[in-house]
Every structure is written in C-alpha cells, then in structure tokens.
Amino acid sequence: CFSPELLPLFKLQGKIAVAVDVLRATSSMVTALSHGVVHIAPVSELTECMAYKDQGYMVAAERDGVKAEGFDLGNSPFHYQEEGVRGRHLAITTTNGTQAIRLSRPADEVLIGAFLNVGAVADYLRKAGKDVVVVCAGWKGLFNLEDTLFAGALAERLEGDFELNHDATLAAYHLYQTAKSDLLGFLSKSSHVQRLERLHILPDIEFCLREDVYQVVPILQGDFLVPAQ
Ligand code: MLT
C-alpha cells in the first residue's frame, strides 16, 4: 500500500519512506545531487552543520526561509546549479526538511522526493515493490498543501501498481487532481508560498513546482544522501 502521513508516530519499519519538503529543502537536495554534489549530510542543528566546514564541506543553512548567518549557502535550488558545487560535499540544515529526513530514519530505506524527480522516485518504488510512506515535512509540525500535493502526484504515478486505499492517500490524490493544471495558482494562498513571496523568491517556487526535471533519486546511506544506483 501507499500512504502520505504527517505524524512522526506512524510506523515506518518495513517500509520505504519518501521524505518531502517541496518548498524548498528536498527540491534543493535533488538539484544539488543532479548538479554533481558528491553527497549530502542532512542535519538538524546549525552547530552540527557548521562543524562539517572543517572537513572541507560546503555548509548550508536555512531558518524561517532565510539563509542563516555565517553559512556558505541557503536553501534556494538555484544555489545548487552553480558549476562550483560539482565534486563538493554538502552539509545542510533547514527548518523542516532535514527534520523530516531525521524522522524518516526508522524506515527500511529513506528516499528524497520533490516534484523535480517525482517520476524517477515512482520508478524506484515500482521496482522495489515495498509499502511506501510519504513523510511530509509540513511547517513546524503543521500540515501543508505543497507536500501533500507531491504525495498526490506520486500516487497518480503509482496508480495501478500500488493499492491507493488509505484515506490520506485518496485525499492527496484528489487534491492533486484539482490542483495539477495550475499548481502555483492553487498554492497562491498557502502559508509557505506567501512566506516565500514576502522574501521575493517567486522563481524558487516556480522551479520547485516543475515536474521531472531530474532523474536522480537521493537515498540515505548511513548519515549521507547519495544518488540511488
Ligand atoms: C524548510 O526546511 O522548512 C524549508 O525548506 C524552508 C524553505 O527554505 O523554504
């Protein structure tokens, strides 16, 4: 079966977790690995992230939508399209996205999903044939629309291969059907889109809502995200 869940108490053992924070953490991670970053250490705390700098990592941090002071990079996917990232190692902490990855750890496998790689994630899951849970980052423990829409998009791609019979899955699927012809318009009143618009980063939002730009599927191996083989 296939189910998007928000609650950290949901049982993940025996399943594949797809951690998602469409705006913008997981979109940035997919972009970074697609543009040649070797691996990514997703961490919860700013100090933990900064400690990687001594090992030659690029360090990236976002809090409340803004780059944290003293870090090399923030959380815009455009930061990770620069030629300078190729061949580098990245440590990153964000408000919600890296927490969702931490909460996903009890799962058998942890993948990173975004609209940017939704087709590639669906292909991976189809081949793996295990139960799937989409771990939506939300915002500080609250439900959000964009991660639920991603779960709906993934459900649509997996229709016919997985049973889509959980209420949360059906809700996400139908929400995506309503929104998919104009995701940005649908999300215009959502809390995080309004937050990001106040920061004048509409291009980030538009980019993160594009589907199937990249083929990479980041997977957690120990403490690091690497491209799945
Ligand atoms: C997060 O982890 O909360 C975010 O990705 C926020 C953002 O930078 O848009």
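For the structure itself, consult the block above.
Keep in mind the model is a prediction, meaning the values are calculated, not measured.

S.K.: Any chance you could break down helix 1 (residues 25-34) for me, citing the residues and the numbers?
M.R.: Counting buried positions along helix 1 gives nine out of ten residues, so the element sits mostly inside the fold. Of the positions making up helix 1, those classed as buried are A25, T26, S27, S28, M29, V30, T31, A32 and L33. Taken from the residues just after helix 1, G36 is the one with a positive phi, measuring 100 degrees.

S.K.: Describe in detail the pairing of strand 9 (residues 218-221), supporting the description with residues and values.
M.R.: Alternating residues of strand 9 divide into P218 and L220, all buried, and I219 and Q221, none buried. For strand 9 and strand 10 (residues 224-227), the ladder comprises four bridges, and the chain directions are antiparallel. Among the inter-strand pairings, P218 is bridged to a residue of strand 10, identified as P227. Connecting the antiparallel pair strand 9 and strand 10 is a turn made up of two residues, with G222 showing a positive phi of about 65 degrees.

S.K.: Describe the packing of helix 4 (residues 118-128) against helix 5 (residues 145-158), naming the residues involved and giving the relevant values.
M.R.: Running from N to C, helix 4 and helix 5 point in directions that differ by 55 degrees, and their axes come no closer than 9 Å. Judged on the interaxial angle alone, helix 5 and helix 4 are oblique. Of the two elements, helix 4 crosses helix 5, and the hand of that crossing is right-handed. In contact with V118, G119, V121, A122, L125 and R126 of helix 4, helix 5 contributes F150, A153, L154, R157 and L158. Its residues placed into classes, the contact of helix 4 with helix 5 shows eight nonpolar, one polar and two charged.

S.K.: Describe the nonpolar core, listing the residues and the values that go with them.
M.R.: Formed by 76 residues in total, the largest nonpolar core has its most connected members in V18, V20, F150 and L154. Among the elements that make up this core, the one with the highest residue count is helix 5 (eight residues). Aside from chain neighbours lying at most four places away, what touches F150 is V20, V22, G113, A114, F115 and V118.

S.K.: Lay out unusual backbone geometry with the relevant residues and their values.
M.R.: Cis geometry marks the peptide bond from L23 to R24, where omega comes out at 0 degrees. Mapped onto the secondary structure, R24 falls in the loop between strand 2 (16-20) and helix 1. Look at H200: it is not a glycine, yet its phi comes out positive at around 60 degrees. Its 8 C-beta neighbours within 10 Å are what place H200 among the exposed residues.

Conventions we followed
Position numbers for residues count from 1 along each chain, tracking the sequence in the order it is written. Under the rules for a predicted model, residues below a pLDDT of 70 receive no local features and side-chain atom pairs below 80 are neither given nor counted, while totals for whole chains, interfaces and linings still include all residues. The burial label depends on the number of other C-beta atoms within 10 Å of a residue's C-beta. Counts of 20 or more mean buried, 12 or fewer mean exposed, and intermediate counts mean partly exposed, with C-beta atoms placed from the backbone. Secondary structure elements follow DSSP: runs of H or I of four or more residues count as helices, runs of E of two or more count as strands, with numbering from the N terminus. Between any two strands, at least two bridges found by DSSP are needed for them to pair. To get an axis, fit a line to the C-alpha atoms, keeping to the stretch in contact for a helix; angles then go from 0 to 180 degrees between the N-to-C directions. Throughout this description, any angle smaller than 35 degrees is read as roughly parallel, any larger than 145 degrees as roughly antiparallel, any in the 65 to 115 degree range as roughly perpendicular, and the remainder as oblique. For any helix crossing, the convention is left-handed if the near helix is rotated counterclockwise from the far helix by under a right angle, and right-handed if that rotation is clockwise. Any pair of residues counts as being in contact when their C-beta atoms, constructed from backbone geometry, are within 7 Å of one another. For this scheme, ten residues count as nonpolar: Ala, Val, Leu, Ile, Met, Phe, Trp, Tyr, Cys and Pro. Four count as charged, namely Asp, Glu, Lys and Arg, and the remainder, Gly too, count as polar. A set of buried Ala, Val, Leu, Ile, Met, Phe, Trp, Tyr and Cys residues, joined to one another through C-beta atoms within 7 Å, is what we call a nonpolar core.

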